Amino acid sequence: MIRLENIHKKFGEQEVHKGITFTARDRETIVILGKSGGGKSVLLKMIIGLIKPDIGTIEVDGKDVSKMTFPELQKLRFKFGFLFQNAALFDSMSVGENIALALERHSNYTKDEVIDRVEYALNVVGLENSAHKMPSQLSGGMKKRVGLARAVVLTPKYMLYDEPTTGLDMETADGINLLINELKNTIGMTSIAVTHDIHSAFLIGDRFTIFDKGKVRMTGTKEEILNSNDEEIRKYIQSEIETKG
Amino acid sequence: MATESNQIDNSFFAVVGRGTVLFFEHLGRYSSSIWWMLSHAHNAKEYSRNIFSQMNQVGISSIPIVLFVSMFIGMVSAVQSAYQLFDWIPKSVVGSFVIKSLMLELVPLISAIVLAGKVGATITAEMGTMRVTEQIDALDALAFDSISFLITPRVLAGTIMFPILIIFGSFIGVVGGLVGAILATDVPAEAYIYGIKNTFEVYDAFIGILKATVFGFTITSCACYMGYYAQGGSEGVGRATMNTVVVSCLSVVVMDFIIASVFT
């Protein structure tokens, strides 16, 4: 379980979080919705200790992330998979090397076993025989798939998705959403996804948290969100649905 | 509308004060990165993977430019020193002057300034791009120690390879001096070689190598720091790259003076 309690964060004069509280229960996918620039991605980085909150606690499996030492943080990160907004593949490495990097560093697999695991991970994301390609040879959707393969190759307990479908066409985005659901069903991960794509959010999420002006405006299921009496939330949902057509 | 309290104070003391705070902020963060790198040096698993490729990138690929520059520094030194000689001064002084100035000062310093542009800018651009495209965050997220993985091999490569480059450079510089002396002055080759043999001291070579080691560490660590903490997209990477070249060159000349004062 991941629990965030009263998170405050300022960057210079700009206060992006003004007391964020929410919980991601085991084996559920919670989607954080909100306008761009609202500090949603920062929150994901806080969960794995890349950024520290000014005030508040983040607990993963009952342990406070902000009080962890570096070796403890490394152990914690080992439990997480992270899909970055633009996949963040290592330019200087091939697709296969990108996926193999964590395996070589954190597992006792032999070289042949690593190659097999990489091929398997690429098969899962539908990119067979792509291990030799360089990231610069891939489209945006393919990069996201490789990023996903890299994130899940060590079968993490938790998965963090930062705008998993941003910048992709509808068909490719649906492919990614399908993959996220498949991974959740097969591996049984607890996931937190950040997006402003309401269509994708409703496809992958079990519960939804809406951020507004640095605070949680509402948390609930799809039905609860759609039937909310809060005028601001209704306006937000309506505008997002219209934007997506 | 901005209120008076939100406006930036651009008075002399305010600008100096902000600059001072910024300088110490950078110095503190740089020192803490270096300390992290040194205190995690035992964790060779993190950086051994990259060390040879970095030695190749920092050292081997810089051989042509260092040799080219050193050759011409040697030629110019020979021509300039011959030009300043009075008739009654032995011609072999040209060789003596060339070897001293090349080994002690010219090859280490000028090569370092050239390499601050080539190696330093490359490292900062590469690491800055990794930072702004979240590749460094991705490394951390994969439970790597990104400083040991990225900075340590580059700084080690610079510290090891710069002295080797300077040894080659000094040798070629001396050969360049001979070529310059033959082609553009009336100093005979025998007199030049006699001057070289008569003046060469191992201690001078040690000073040159010491300078190269310090410059190698300074340039690569500064470049890594600037790239690792770059922010603000491609514009920020460009700014960081420019800062690397400026700060590296300034640091090199300051370190040059300190080493010269202490050891000569």
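Remember, it's a predicted structure, so these values are computed and weren't measured experimentally.

Reading the values: the criteria
Residues numbered from 1 in each chain as written. Chains lettered and ligands numbered in written order. Predicted model: local features only at pLDDT ≥ 70, side-chain atom pairs only at ≥ 80, totals over all residues. Heavy atoms only, no water. 1 Å grid on protein atoms, 1.4 Å probe; cavity = no way out; pocket = protein on both sides within 12 Å on 5 of 7 lines; lining within 4 Å. Points joined across faces, edges and corners; volume = space filled by probe spheres on them. Helix = DSSP H or I, 4+ residues; strand = E, 2+ residues; numbered from the N terminus. Nonpolar A, V, L, I, M, F, W, Y, C, P; charged D, E, K, R; others polar. Contact = heavy atoms within 4.5 Å. Buried area = accessible area lost by both parts, 1.4 Å probe. Salt bridge = Lys/Arg side-chain N within 4 Å of Asp/Glu carboxyl O. Polar contact = N/O pair within 3.5 Å; in protein donor to acceptor, adjacent residues only side chain to side chain. Disulfide = S-S within 2.5 Å. Buried < 20%, exposed > 50% of the residue type's maximum accessible area, 1.4 Å probe, protein only. Axes fitted to C-alpha atoms, helices over the stretch in contact; angles between N-to-C directions. Parallel < 35°, antiparallel > 145°, perpendicular 65-115°, else oblique. Left-handed = near helix turned anticlockwise from the far one by under 90°. pLDDT = per-residue confidence, 0-100. Phe/Tyr/Trp six-rings, centres within 6.5 Å; stacked < 30°, edge-to-face > 60°. Lys NZ or Arg CZ within 6 Å of the ring centre and 35° of its normal. Patch = residues over 30% accessible without salt bridge, like charges linked within 9 Å, V, L, I, M, F, W, Y side chains within 5 Å. Areas by Shrake-Rupley, 256 points an atom, 1.4 Å probe, with all protein chains shown as cover. Lys, Arg positive; Asp, Glu negative; His and termini not counted. Charge placed at Lys NZ, Arg CZ, Asp CG, Glu CD.

**Digging into empty space enclosed by the protein**
Moving on, step 1. Scanning the entire structure with this criterion turns up 2 cavities of 30 Å³ or more.
Moving on, step 2. Looking at the largest cavity, its volume works out to about 140 Å³.
Moving on, step 3. Taken together, 15 residues make up the lining of the largest cavity; nearest its centre are Phe80, Gly81 and Ala151 of chain A together with Ala141 and Leu142 of chain B.
Moving on, step 4. Secondary-structure elements contributing two or more residues to the lining of the largest cavity are helix H2 (70-78), strand E6 (80-83), helix H3 (95-106) and helix H5 (140-152) of chain A together with helix H5 (135-141) of chain B.
Moving on, step 5. Broken down by element, the residue count for the lining of the largest cavity peaks at 3 residues, all from E6 of chain A.
Moving on, step 6. In terms of residue class, the lining of the largest cavity is built from 11 nonpolar, 2 polar and 2 charged.
Moving on, step 7. For the second largest cavity, the calculated volume is near 50 Å³.
Moving on, step 8. What lines the second largest cavity is Met46, Gly49, Ile51, Lys52, Pro53, Ile58, Val65, Ser66 and Leu73 of chain A.

**As for the interface of chain B and chain A**
Moving on, step 1. Opposite the 19 residues of chain B that make contact, chain A presents 23 residues.
Moving on, step 2. Where chain B abuts chain A, roughly 1900 Å² becomes buried across the two surfaces, and 60% of that area is made up of carbon and sulfur atoms.
Moving on, step 3. Looking only at chain B, the three residues that lose the most surface to chain A are Glu134, Leu142 and Ala143 of chain B, adding up to 28% of its buried area.
Moving on, step 4. At the surface where chain B touches chain A, the tally comes to 2 salt bridges.
Moving on, step 5. Taking the shortest distance from any N to any O, the salt bridge between glutamate 134 of chain B and lysine 45 of chain A comes out at 2.8 Å.
Moving on, step 6. One can count 5 residue pairs in polar contact (both at pLDDT 80 or more) joining chain B with chain A.
Moving on, step 7. Listing elements by their share of the side of chain B that touches chain A, those giving two or more residues are helix H2 (44-58) and H5 of chain B.
Moving on, step 8. The biggest single contributor to the side of chain B that touches chain A is H5 of chain B, with 6 residues.
Moving on, step 9. For the side of chain B that touches chain A, the per-class residue count stands at 9 nonpolar, 3 polar and 7 charged.

**Things to note about the environment of methionine 71 of chain B**
All names here are of chain B.
Moving on, step 1. In this structure, methionine 71 sits in helix H3 (residues 63-84).
Moving on, step 2. Spatially, the C-alpha atom of methionine 71 lies 4.5 Å from that of glycine 176, the residues being 105 residues apart in sequence.
Moving on, step 3. In contact with methionine 71, other than residues within four places in its own chain, are Ile172, Gly173, Gly176 and Val179.

**Examining the state of the cysteines**
Residues and elements named next belong to chain B.
Moving on, step 1. Considering all chains together, one arrives at 0 disulfides over all chains under this definition.
Moving on, step 2. Cysteine cysteine 222 is unpaired, with the sulfur of cysteine 224 as its nearest cysteine sulfur at 9.3 Å.
Moving on, step 3. Of the residues examined, cysteine 224 reaches a relative accessible area of 0% and is grouped as buried.

**Re the packing of H3 of chain A against helix H4 (residues 111-124) of chain A**
All names here are of chain A.
Moving on, step 1. Between H3 and H4, whose axes approach to 9 Å, the crossing angle comes to 120 degrees. Relative to H4, the element H3 lies oblique. For the crossing formed where H3 meets H4, the hand is right-handed. Between H3 and H4, the contacting residues are Val95, Gly96, Ile99, Ala100, Leu103 and Glu104 on the first element and Val114, Arg117, Val118, Ala121 and Leu122 on the second.
Moving on, step 2. By residue class, the composition of the contact of H3 with H4 is 8 nonpolar, 1 polar and 2 charged.

**Considering the confidence of the model for chain B**
Moving on, step 1. Confidence in the prediction of chain B, expressed as mean pLDDT, is 92, and 98% of residues score 70 or more.
Moving on, step 2. For this predicted complex, the interface score ipTM comes out at 0.91, alongside a pTM of 0.88.

**A look at the packing of aromatic side chains**
Any aromatic ring pair is given by two values, namely how distant the centres are and how the planes are angled relative to each other.
Moving on, step 1. Taken as a whole and judged by the stated rule, the model has 13 aromatic pairs over all chains.
Moving on, step 2. Where phenylalanine 202 of chain A meets phenylalanine 208 of chain A, the ring centres are 5.1 Å apart and the plane angle is 85 degrees; that geometry is what we call edge-to-face.
Moving on, step 3. Seen from their ring centres, phenylalanine 68 of chain B and phenylalanine 72 of chain B are 5.0 Å apart, and the 40 degrees between their planes marks the pair as tilted. In this pair, phenylalanine 68 of chain B and phenylalanine 72 of chain B both sit in helix H3, 4 residues apart, roughly one turn of the helix.
Moving on, step 4. We classify phenylalanine 68 of chain B as exposed; its relative accessible area is 56%.
Moving on, step 5. Note on phenylalanine 72 of chain B: relative accessible area 42%, which makes it partly exposed.
Moving on, step 6. Ring pairing ties together the aromatic residues Tyr30, Tyr225, Tyr228 and Tyr229 of chain B, which thus form one cluster.
Moving on, step 7. Its guanidinium or amino end placed over the ring of phenylalanine 90 of chain A, arginine 150 of chain A lies 4.7 Å from that ring's centre, counting from NZ or CZ.
Moving on, step 8. Sitting over the face of the ring of tyrosine 229 of chain B, arginine 29 of chain B holds its NZ or CZ atom 4.5 Å from the ring centroid.

**Observations concerning the layout of surface pockets**
Moving on, step 1. Approximately 1100 Å³ is the volume found for the largest pocket.
Moving on, step 2. Breaking the lining of the largest pocket down by element, the ones donating at least two residues are strand E1 (2-11) and H2 of chain A together with helix H1 (12-39), helix H4 (93-132), H5 and helix H6 (146-184) of chain B.
Moving on, step 3. Looking at the lining of the largest pocket, the element that brings in the most residues is H1 of chain B, giving 4 residues.
Moving on, step 4. In the lining of the largest pocket, the residues fall into 13 nonpolar, 8 polar and 10 charged.
Moving on, step 5. What lines the second largest pocket is a set of 21 residues, among which His26, Leu27, Tyr225, Met226 and Val247 of chain B lie closest to the centre.
Moving on, step 6. Going through the elements one at a time, H1, helix H8 (202-228) and helix H9 (233-263) of chain B are the ones with two or more residues in the lining of the second largest pocket.
Moving on, step 7. A total of 7 residues in the lining of the second largest pocket trace back to one element, the largest contributor, which is H1 of chain B.

**Things to note about the pattern of salt bridges**
All names here are of chain B.
Moving on, step 1. Counted under the stated rule, the structure contains 20 salt bridges over all chains.
Moving on, step 2. Across the pair lysine 211 and glutamate 105 runs a salt bridge whose closest N-O atoms are separated by 2.9 Å. Of the two residues, lysine 211 is situated in helix H8 and glutamate 105 in helix H4; the sequence distance between them amounts to 106 residues.
Moving on, step 3. For lysine 211, a relative accessible area of 2% translates into the label buried.

**Section: a positive patch on the surface**
Moving on, step 1. On the surface, Lys18, Lys35, Lys213 and Lys215 of chain A cluster together into a positively charged patch.
Moving on, step 2. Inspection of the secondary structure puts lysine 35 of chain A in the loop between strand E3 (29-33) and helix H1 (40-47).

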